[in-house]
Every structure is written in structure tokens, then in C-alpha cells.
Amino acid sequence: MDLDLVVKNGVIVIASEVLPHGLQIGVKDGKVACIGINLPTSTNTQVVDAEGAYITPGGVDSHVHLAQKNSPTGDGWEAGSRSAIAGGTTTIIAFASQEREDASLYPVLEDYHAKSKDQSYCDYGFHFILTNPTDEILRNELPVLAEKEGITSVKLYMTYEAMKLNDRQVLNILFACKTLGMTTMIHAESHDMIALIIEGLEKNKNTEPYFHAVARARIAEDEASYRAISLAELADAPMLIVHMSSEIAVQHVRDAQTRLLPIHAETCPHYLFLLSEKIKGESHDHFSGAKHVCSPPLRHDPKDLDGLWQSIANGTFTTFSSDHAPSKYDAPGGKRLGLVDGIPRFSKIPNGLPGVETRMPLLFSQTPACQSPEKARLSLPRFVQLTATNPAKLYGLDGKKGSIAPGYDADFVVWHPGSTGACTISQSILHHDMDYTPFEGMQIENWPRYTILRGQVIWDQSNGIVGKMQYGRYLKRGMGQVLHGKTGNLPQGWREDERRYWL
Ligand SMILES: *[C@@H]1O[C@H](CO)[C@@H](O)[C@H](O)[C@H]1NC(C)=O
Ligand SMILES: [Zn+2]
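Residues numbered from 1 in each chain as written. Chains lettered and ligands numbered in written order. Predicted model: local features only at pLDDT ≥ 70, side-chain atom pairs only at ≥ 80, totals over all residues. Heavy atoms only, no water.

If you look the protein up in an unreviewed UniProt entry, it shows as dihydropyrimidinase from Salinomyces thailandicus. Word for word, the UniProt comment on the protein under Cofactor (unreviewed entry) is "Zn(2+)". UniProt, in the comment section headed Catalytic activity (unreviewed entry), describes the protein in these words: "5,6-dihydrouracil + H2O = 3-(carbamoylamino)propanoate + H(+)". (UniProt positions renumbered as here; feature names shortened; annotations may be inferred.)

Looking at ligand 1, the residues that line it are E247, Q251, R254, G307, Q310, S311, N314 and T316. Within the side chain of E247, an N or O atom sits 3.4 Å from an oxygen atom of ligand 1. A distance of 3.4 Å is found between an oxygen atom of ligand 1 and a side-chain nitrogen or oxygen belonging to Q310. Burial of ligand 1 by the protein amounts to 68% of the accessible area it has alone, namely 360 Å². For the shell around ligand 1, the residue count by class is no nonpolar, 6 polar and 2 charged. (Near = heavy atom within 4 Å. Polar contact = N/O pair within 3.5 Å; in protein donor to acceptor, adjacent residues only side chain to side chain. Areas by Shrake-Rupley, 256 points an atom, 1.4 Å probe, with all protein chains shown as cover. Nonpolar A, V, L, I, M, F, W, Y, C, P; charged D, E, K, R; others polar.)

Time to look at the pairing of strand 13 (residues 263-267). Summarising burial for strand 13: 5 of the 5 residues are buried, a large majority. Residues of strand 13 alternate between two faces, with I263, A265 and T267 on one and H264 and E266 on the opposite face, all of them buried. Sheet analysis places strand 12 (residues 239-241) next to strand 13, joined by 3 bridges and oriented parallel. Residue pairing across strands places L240 opposite H264, the latter belonging to strand 13. You can see the chain leave strand 12, run along helix 8 (residues 247-258) and come back into strand 13, and the turn it takes is right-handed. (Buried < 20%, exposed > 50% of the residue type's maximum accessible area, 1.4 Å probe, protein only. Helix = DSSP H or I, 4+ residues; strand = E, 2+ residues; numbered from the N terminus. Pairing = 2+ DSSP bridges. Right-handed = clockwise from strand over helix to strand, strands pointing away.)

Six octahedral donors around a metal ideally subtend angles of 90 or 180 degrees, whereas four tetrahedral donors ideally subtend 109.5 degrees. The protein atoms that coordinate the zinc ion (ligand 2) are H63 (NE2), H65 (NE2), K155 (NZ) and D323 (OD), at distances of 2.0 to 2.6 Å. For the zinc ion (ligand 2), the 4 donor atoms are set out with angles of 80 to 167 degrees between them, so the coordination reads as irregular. In primary sequence terms, the donor set of the zinc ion (ligand 2) follows H-x1-H-x89-K-x167-D. Residue H63 is found in strand 7 (residues 59-64), and its partner K155 is found in strand 10 (residues 153-157); the two are separated by 92 residues along the sequence. What makes H63 buried here is its relative accessible area of 0%. (Donors = N, O, S within 2.8 Å, 3.2 Å for Na, K, Ca; no water. Tetrahedral: all angles 85-135°; square planar, octahedral: opposite > 155°, others 65-115°.)

This part covers the pattern of salt bridges. All chains considered together, the criterion is met by 24 salt bridges. Between K31 and D409 there is a salt bridge; the shortest N-O distance is 3.2 Å. With K31 in strand 4 (residues 31-36) and D409 in the loop between helix 12 (380-394) and strand 17 (412-414), this pair connects stretches of sequence that are 378 residues apart. Among the residues examined, D409 registers a relative accessible area of 4% and is labelled buried. Linked through salt bridges whose partners overlap, the residues forming this network are K31, D123, K401, D409, D411 and R454. (Salt bridge = Lys/Arg side-chain N within 4 Å of Asp/Glu carboxyl O.)

Pairing within the open sheet is mixed, and its 4 strands lie in the order 4-3-1-5. Edge positions in the sheet fall to strand 4 and strand 5 (46-49), since each of these pairs with one other strand and no more. Across the sheet, the axes of successive neighbouring strands diverge by a mean angle of 20 degrees, strand direction being ignored. Both strand 1 (residues 5-8) and strand 3 (residues 24-28) contribute to a ladder of 3 bridges, which runs antiparallel. Note that in strand 3 the partner of V7 across the bridge is I25. (Axes fitted to C-alpha atoms, helices over the stretch in contact; angles between N-to-C directions.)

Turning our eyes to something else, we now look at the nonpolar core. With 107 residues, the main nonpolar core has I92, F128 and V154 as its most contacted residues. Of all the elements, helix 7 (residues 218-235) adds the most residues to this core, at 7 residues. Excluding its chain neighbours within four sequence positions, the residues that come into contact with F128 are A96, L105, V108, L109, L145, I151, S153, V154 and K155. If you look at the next biggest cluster of nonpolar residues, it comprises 19 residues, including L23, V27, V32 and V414. (Core = buried A, V, L, I, M, F, W, Y, C linked by side-chain atoms within 4.5 Å. Contact = heavy atoms within 4.5 Å.)

In contact at an axis separation of 9 Å, helix 4 (residues 167-180) and helix 7 are set at 45 degrees when each is read in the N-to-C sense. The orientation of helix 4 with respect to helix 7, classified from their angle, is oblique. The crossing of helix 4 and helix 7 is right-handed. Contacts between helix 4 and helix 7 involve D167, V170, L171, L174, F175 and K178 on the former and, on the latter, R227, L231, A232, L234 and A235. When its residues are assigned to classes, the contact of helix 4 with helix 7 shows 8 nonpolar, no polar and 3 charged. (Parallel < 35°, antiparallel > 145°, perpendicular 65-115°, else oblique. Left-handed = near helix turned anticlockwise from the far one by under 90°.)

At a minimum axis distance of 8 Å, the contact between helix 7 and helix 8 shows a crossing angle of 20 degrees. For the element pair helix 7 / helix 8, the angle class is roughly parallel. Here the hand of the crossing between helix 7 and helix 8 comes out right-handed. On the side of helix 7, the interface is formed by R218, E221, D222, S225, Y226 and I229, while helix 8 contributes I248, A249, H252, V253 and A256. Among the residues forming the contact of helix 7 with helix 8, the class breakdown is 6 nonpolar, 2 polar and 3 charged.

Shown next as C-alpha cells:
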């Protein structure tokens, strides 16, 4: 067979193990054709020499916000996907977001298809954000969207005035998704606890950005996470709790997993690397702390970070996503919305941080590829699980994305060999459309040297972005897999026959 591409001299890492040194990857028609030794090349074969570096599956970032109406200064598809590939991510799952007044999801989807078509450097799919889950949508639209459009997951919010659902609405969605085999993602924070604290802070004129971290107290995440798990347990439906920042909340997930409930957890780079100190801003400009306003907020204590790192290593977290949801700092309609007549008002600052580009390098830097075994925070296979294999499986892209094996799309990251890829994160090296990075000045031990999507080199660090904007394809996804526990459990305390009395 005439191979289109051979990647040689690398060390391939997949979810289960680090493969023996020197295996080559052969690519034909955008897919992995074979993995072997001394693969045949012809004059038509492109050869990429990894020079001894690690090769990991192209990143799957399953939590990316692009071109949403509620973030007018955020990234659109062009900038977001460009930023993704420069950081080793070849697939993003972004959101098609329903507004309260949208009675049907079809026009919403059409709108997001229009915003993304021929605008993406990487492959992409959509989750639906539901803010108005009518019976019509749950009964008649979701099945069609899953079947025809390959949208097999929804995201719900328990907080934010414009998005929040009550527990009954969450239950209705969970029951509908369970029937369809869809996955539910949930933003778990107690809206009422937070609203009460914000009121008190504003009354006492404590309105600088830092008070965002006071308002969105950890207990609000802990309570809502436990509530979300209980709702999923009642409905016997799989769930993923997004962007978890609290060790106690994560323990609730762990307990549920131990009871074999299908509960999954996600965390994000900012919760592993940054603390609420950042929201205090610079000493001469406290408002600059707005650059670090996201929800849940950055937590106070280094101990919070340790608990999350442990859950990264020990398997409690299923996915590691960017939650790229940026707003420009110095722009009207961006973070400056939080300056009202010159007075800082934390509750008016748009939430969210950029991070799609820095996600993979930040985590890779904590593996044994870059750290001594004692200092490494997670293994290389665990890195692959969290950044690629698990999100691909959870969201119905398995067999196509998230691994390096014959038949899979030829999506890889080739890292720099040894310690030659170290650099410092700064706004000036990034490819998003934002005017800052929350990780400014952080030392990185390695950065993707090449990003390869379906057999094409699309990022080459020496030459920059070499892919084309039209190259990214829309992905119709299949049904997701349950990666922790199983469905078919009876809620705690129930007898065998209790469900049938009412269901
Ligand atoms: C993983 O670490 C977290 C955080 O320390 C802890 O709550 C959880 O019980 C641990 N799980 C296992 C299986 O050790
Ligand atoms: Zn989000």
C-alpha cells in the first residue's frame, strides 16, 4: 500500500500504555492504516520525523464556547479553532445555545451551523445548551437531532438568571435523555445561595472583582453537585458535572462512582493552576482581576488544588476540558461591563476565561515526559485518557477520535523531543482573538511541535498555522458511552418494585 504519511521515530502513547519506542504510524486517506516497524514509503509518502518525541492522540476538547450571543466579544470559529490546533487540539465540541425565547431548537442549530461552516481549522461537533426545555423539544426534537444531526448531549445550568433551570426541569431532561441514550452535562452551583450572598456584598459595597470568589462560595458548588447527582440517581441517567473546582463536590462524585452510578466529572486548567489571589488584580488596578473571573470561581487555598490533582491522577475525573468561554478584557461589551460609571461591580463582569490553546501543554507539562517521576502529577496514559480518549468515548466519537489505532482518524500531537520544547506562556504566542491569557508568565515544559488532523500537518511550530480554515469538518456523533458505573441502579433506599408504581 502506498502510504500518504508515515510518522517515525516517536513514542506513541495511548490510553492504556506507552507503546515501545520506534513504532511508526502509517496513514492512508486521513486514517491510521497501520502501526509497525519499517513501514514502506514511496515518493508519494510524506515522512514526519518525531526525533524521539512522544506522540499522543489529537486533543478532544469537549467544552468550548464559540460565537455565542451571550459573549459578544468572545472568540468565533475561526479564532477559536485556530487557537485549538496551535495547542494540539484537533476536535472541539462547542455549544449550540438555546435562548429562553427559542421555542424550537432547529433554527438555533441552523444559526450555529451557519456560524461554523467553512470557518473551522479543526473538526467539531455541538452540544445543545437547553434553557427552555419544552415537552415538544424533549419529546419530538431531541430524538431527531440525535439521529439526524448527531447531537447526542445537552448542557444545563442550575445557576445564572438567563439560563438556570429548576430541579423539576432538570429531572424532565434527565428522563428524556435517559430514554434517548443522550448524555447530560450540568453546571452545578446553587443559584439561591449565590444570589443571597451577592445581595449582601452589594449592600456592604464590597463589589470589586475579588468578591466574585466570595459570592460563589464552595458550599454552593458542593450542595448543587450533590443535588445534581441525586437527580441523576432518581432518573437513573448518566451525567457529567462540568468544570468542578471543589474537592468536596468531587468527593460526592467519587462516592457516587463507588456506588456504580453513571456519574462523570470534568475539571479545567484554571482550577488546577490558579487561585483566587489572581482575582485581586494588580495592586494599582484591582479591576484587572476581572481577567480571572469565571464560575465556579478560582478557589482560595493551595489545598483545593491538591485535592483536584489527586482526582486527576486517581481516575475520579473523566475529562479535562478548557471551558474556553472568553470575553475581551479591554473592550466595551467585554470584561469592562463590570465597571459601572467607573465603579467595579463584580456581578456584572462576564464570566469565563480563554484556554483552548494552553490546555494540552499545561497538563502535558505535569507528566513524566516533563517531570521526574516523583514530581509528575499524572501518568502519560492518564493524560491521553483525560484530554482525548475519554471525551471521545463519553460523547460518541469513539472508533474515530481520541486514540491512535488502525481505523481511527489520523489525529496526532507530536511533541518536542526531550526538554527542547520549553517556553513561557504569554499573550504574544497565542492564536485566539482575546487580549490576554490568564496563564501569562507560566513556564511550560513542552509545546506541540506538530498537530496533525486526518493525516494533514495543520500546525508546525516552526512555521505556525499551516492548516486551512475550511479543513475542519462537522462531526455527527453517535451515542456516548458510560465510563463510570452503569445505568439500571435503583435509587438508595428503594425496594425493587417502587419505580413501577409511578413510572
Ligand atoms: C481520589 O482523590 C480524591 C481527592 O483527594 C478523593 O476524594 C477520592 O476519594 C480519591 N479516590 C480514590 C479512589 O482514591
Ligand atoms: Zn462552559
